[in-house]
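# Overview (structure and organization)
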Amino acid sequence: MDADGIDFALISINSPAVQVFEASRAVGLATEANDILAEAIKGRPDRFAGLAAVAPQDPAAAARELERAKGMGLKGFLINSSTAGEYLDLPKFAPIFEAAEALNMPLYLHPREPGPTMVTPFLDYGLYFAGWGFAAECGLSAMRLIMSGLFDRYPGVRVALGHMGEGIPFWLQRIDNRYGLQVKIGAVDPLAKAPSAYFLDNFQITTSGVMTDAALRLAIDVLGVDRIQFAGDYPFEDVKAGVDFLEGTPISAEHRSAIFETNAVAFWDLPATGPIIGAGQ
């Protein structure tokens, strides 16, 4: 962290975390992981905060673990997109979002490989991995949350989405346009707001390994600088490269400070100490 210029890190267990295990084992592993994480943070609260692991396989237990994690001082929680091919918009996962809203615990919706019902065409050419499959899987997961009306039911739920928004900021205008047509022809039920409005109201994005001026400019233009946080994508990316990119990209010092620090401080309720690396990312 010192070598990369990172003063404070928001850390979490790695993908796919406990989501590949049988439910009772996953619940126990999440509890153990959160205990270890909380203890590590106690040793260096000036440098670390944490995001809880939960086991979506048991939504009621996940909700209880969120409450316990809040009591231990953890700042939010992380789920790696789908679990056994099931996405978080399904009614069975409602207890997780009820707890997240009540506890004011943001969700970091993190990628993983495409699930069993969609992975086959991604297996060729390495497409299942981070270059394409992860974004396709996680972007789909985020869009299912929006289109299911989840944010009408739980308007206080806040979600962080990595890799400059998993492509969604680029598509927001077309998403709204095609959603409007689907409503007009009766193909989908209307939401209270346009899909883009939920993305603007309930989501923030992190940079996490996306290091091009054009992508950052688009995100600022579409979302506003106050919805973008720096993340280094550790341990999968070169964190120093991410820092150097943001230091050198042609934006104002005020915007740079917002992305490096103040947006994350406000979103995750962190101490204002310096540049932030988000969610083990």
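In the block above lies the structure referred to throughout.
The structure reproduced in this document is the subject of the present report. The structure displayed is predicted, hence computed values, not measured ones.

Let us look at unusual backbone geometry. A negative phi angle is the norm for most residues apart from glycine, just as the trans form is the norm for most peptide bonds. Here the amide bond leading from S15 into P16 is cis, since omega sits at 0°, within 30 degrees of zero. Within the secondary structure, P16 is located in the loop between strand 1 (8-11) and helix 1 (23-43). Each neighbour pair has its own omega, and for Y234 with P235 the value is 5°, a cis peptide bond. As for its placement among the helices and strands, P235 is situated in the loop between strand 7 (228-229) and helix 9 (239-248). One non-glycine residue, A84, lies in the positive phi region at around 55°. Non-glycine residue D269 carries a positive phi angle of around 60°. Within the fold, D269 resides in the loop between helix 10 (253-268) and strand 8 (276-277).

Here we take up the packing of aromatic side chains. The full count for this structure, using the stated rule, is 8 aromatic pairs. Considering the side-chain rings of Y108 and W268, the 6.4 Å spacing of their centres and the 10° angle between planes classify their relative orientation as stacked. Pair noted here: Y108 is in strand 4 (residues 107-109) and W268 is in helix 10, with a separation of 160 residues, a long-range link. Taking the relative accessible area as the measure of exposure, Y108 reaches 1% and is therefore buried. Using a relative accessible area of 2% as the deciding quantity, one classes W268 as buried. With centroids separated by 4.8 Å and ring planes inclined at 15°, the aromatic side chains of F199 and F203 adopt a geometry described as stacked. Exposure remark for F199: the relative accessible area of 1% places this residue in the buried category. Feature note: the residues Y108, F267 and W268 constitute an aromatic cluster, connected by ring pairs. Its guanidinium or amino end placed over the ring of F267, R158 lies 4.9 Å from that ring's centre, counting from NZ or CZ.

What follows covers the pattern of salt bridges. The tally for this structure, following the rule as stated, stands at 11 salt bridges. Put simply, R68 and D35 hold a salt bridge, and the shortest N to O gap is 2.9 Å. Here R68, found in helix 2 (residues 59-71), pairs with D35, found in helix 1; they are 33 residues apart in sequence, far enough to count as distant. A relative accessible area of 36% places D35 in the partly exposed class. With a closest N to O distance of 2.8 Å, D89 and R144 form a salt bridge. With D89 in the loop between strand 3 (76-79) and helix 3 (94-103) and R144 in helix 4 (residues 133-147), this pair connects stretches of sequence that are 55 residues apart. Bridged by salt links that share partners, the residues D35, E65 and R68 form one connected network.

A cluster of nonpolar side chains, namely L123, Y128 and F129, defines an oily patch on the protein surface of about 300 Å² accessible area. Tracing the chain through its elements places L123 in the loop between strand 4 and helix 4.

Rules used throughout
- Residues numbered from 1 in each chain as written.
- Predicted model: local features only at pLDDT ≥ 70, side-chain atom pairs only at ≥ 80, totals over all residues.
- Heavy atoms only, no water.
- Helix = DSSP H or I, 4+ residues; strand = E, 2+ residues; numbered from the N terminus.
- Phe/Tyr/Trp six-rings, centres within 6.5 Å; stacked < 30°, edge-to-face > 60°.
- Buried < 20%, exposed > 50% of the residue type's maximum accessible area, 1.4 Å probe, protein only.
- Lys NZ or Arg CZ within 6 Å of the ring centre and 35° of its normal.
- Salt bridge = Lys/Arg side-chain N within 4 Å of Asp/Glu carboxyl O.
- Patch = residues over 30% accessible without salt bridge, like charges linked within 9 Å, V, L, I, M, F, W, Y side chains within 5 Å.
- Areas by Shrake-Rupley, 256 points an atom, 1.4 Å probe, with all protein chains shown as cover.

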